[in-house]
Amino acid sequence: MDFRPLLYLCARPQRDAARAEWASFRVAMGRDEDGLHAWDLVADALPSDAIERYAGFVVGGSPFNVTTPDKGAVQTRLEDDLARVAEAAASGATRAMFTCYGIGVVTRVFGGAVADTYPEGTGSTTVTLTDAGRQDPVFGGLPERFEAFTAHKEGTDILPPDAVLLATNEDCPVQAYRVGQSLYTTQFHPELTPNDFTARMRIYRDGGYFDPSEFDAVAARVLASPVTEPARILHAFARL
């Protein structure tokens, strides 16, 4: 058994959002701070020995967009670091789970296309497992259809050639996929509970994900959403 800790890679400039996201991942994965370390990629480059030091990686969301034409130095470096982790996971040298913003990075790295064709609003959506998803060791324990939280302005338009589609829906056909046996991606947020998501909404109230004047109505829908299953993905990933 590999007793090395996992590492949460933060791509959020907002410190309060980053701390809350790390906490959500820890709860969903059944890990404490010793079992899931954190690294702020916005502030510091990924250490050169990170692949060897950690048993695996989880990547959260970000207000950054992969399709931004003129990326600053921080986002460019950050995406280069994420690409290094993704390539290592695809080769089997480590394991990684890239979520939301992270799926766009992986899609670009492995020859797919990211566009603003399939945005999803702030709230829950119904996700359906594919045949491959039902047989997958990480996704296979979920119901065939489940609710998950989304809020994104871009999505995978063309799946990478070597990717295996694991989950889909009508609004955003690429909801999750795997490259090789050790690199996973999700467009939705598997770590969030309704309360977590509402708290994140407050931080990004003016981020263009929803009309700020409709905050109370959107938050009420989020709090009433039956989102319970996605955290099982992270728990299964942590057990690998």
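Residues numbered from 1 in each chain as written. Predicted model: local features only at pLDDT ≥ 70, side-chain atom pairs only at ≥ 80, totals over all residues. Heavy atoms only, no water.

**Notes on the pattern of salt bridges**
Consideration 1: Throughout the structure, instances matching the rule amount to 12 salt bridges.
Consideration 2: Across the pair E79 and K71 runs a salt bridge, and its minimum N-O distance is 2.7 Å.
Consideration 3: Overall, the relative accessible area of 12% leaves E79 in the buried class.
Consideration 4: Accessibility expressed as a relative area gives 26% for K71, which makes it partly exposed.
Consideration 5: Across the pair E191 and R200 runs a salt bridge, and its minimum N-O distance is 3.2 Å.
Consideration 6: Within this structure, R12, E21, E191 and R200 form a network of salt bridges that share partners. (Salt bridge = Lys/Arg side-chain N within 4 Å of Asp/Glu carboxyl O. Buried < 20%, exposed > 50% of the residue type's maximum accessible area, 1.4 Å probe, protein only.)

**Side note on the UniProt feature "domain: Glutamine amidotransferase" (unreviewed entry) in the chain**
Consideration 1: UniProt marks residues 100–198 with the feature "domain: Glutamine amidotransferase" (unreviewed entry), using the numbering shown here.
Consideration 2: The straight-line gap between the two end C-alpha atoms of residues 100–198 is 17 Å; of that span, 19% is helix and 39% is strand. (UniProt positions renumbered as here; feature names shortened; annotations may be inferred. Helix = DSSP H or I, 4+ residues; strand = E, 2+ residues; numbered from the N terminus.)

**Some thoughts on the sheet that holds strand 11 (residues 183–186)**
Consideration 1: Ordered in space as 2-1-3-4-11-10-9-6-7, the nine strands form an open sheet in which the pairing is mixed. Sheet topology places strand 2 (36–40) and strand 7 (145–152) at the edges, where each strand pairs with a single neighbour. Direction aside, the axes of adjacent strands within the sheet are offset by 25 degrees on average.
Consideration 2: Of the strand pairs in this sheet, strand 1 (residues 6–10) and strand 2 are connected by five bridges, and their pairing is parallel. Looking at strand 2, one finds that Y8 is bridged to A38.
Consideration 3: Contacts from helix 4 (residues 101–109) reach strand 3 (56–59), strand 4 (96–99), strand 10 (176–179) and strand 11, with the element oriented near 110 degrees to strand 4. (Pairing = 2+ DSSP bridges. Axes fitted to C-alpha atoms, helices over the stretch in contact; angles between N-to-C directions. Contact = heavy atoms within 4.5 Å.)

**As for the packing of helix 6 (residues 194–203) against helix 7 (residues 215–223)**
Consideration 1: The N-to-C vectors of helix 6 and helix 7 enclose an angle of 160 degrees; their axes lie 8 Å apart at closest approach. If you check the angle between helix 6 and helix 7, you find them roughly antiparallel. Our pair here, helix 6 against helix 7, has a crossing hand that is right-handed. Where helix 6 approaches helix 7, its residues P194, N195, F197, T198, M201 and R202 are matched on the opposing element by F215, V218, A219, V222 and L223.
Consideration 2: A class-by-class count of the residues in the contact of helix 6 with helix 7 yields eight nonpolar, two polar and one charged. (Parallel < 35°, antiparallel > 145°, perpendicular 65-115°, else oblique. Left-handed = near helix turned anticlockwise from the far one by under 90°. Nonpolar A, V, L, I, M, F, W, Y, C, P; charged D, E, K, R; others polar.)

**Overview of the pairing of strand 6 (residues 120–129)**
Consideration 1: Most of strand 6 sits inside the fold, with seven of its 10 residues counted as buried.
Consideration 2: Pairing analysis gives seven bridges linking strand 6 to strand 7, with the strands arranged antiparallel. Counterpart to G123 in the pairing with strand 7 is T150.

**Some thoughts on the packing of aromatic side chains**
Consideration 1: The tally for this structure, following the rule as stated, stands at nine aromatic pairs.
Consideration 2: Ring centres of Y204 and Y209 lie 6.3 Å apart, and the angle between their planes is 80 degrees; on these two criteria the pair is classed as edge-to-face. Like Y204, the residue Y209 is buried in the burial classification.
Consideration 3: The structure contains a cluster of three or more aromatic residues connected by ring pairs, namely F139, Y184 and F237.
Consideration 4: Note that R26 overlies the ring of W22, its terminal NZ or CZ placed 4.4 Å from the centroid.
Consideration 5: A cation over a ring is seen here: K153 above Y209, with NZ or CZ 4.6 Å from the ring centre. (Phe/Tyr/Trp six-rings, centres within 6.5 Å; stacked < 30°, edge-to-face > 60°. Lys NZ or Arg CZ within 6 Å of the ring centre and 35° of its normal.)

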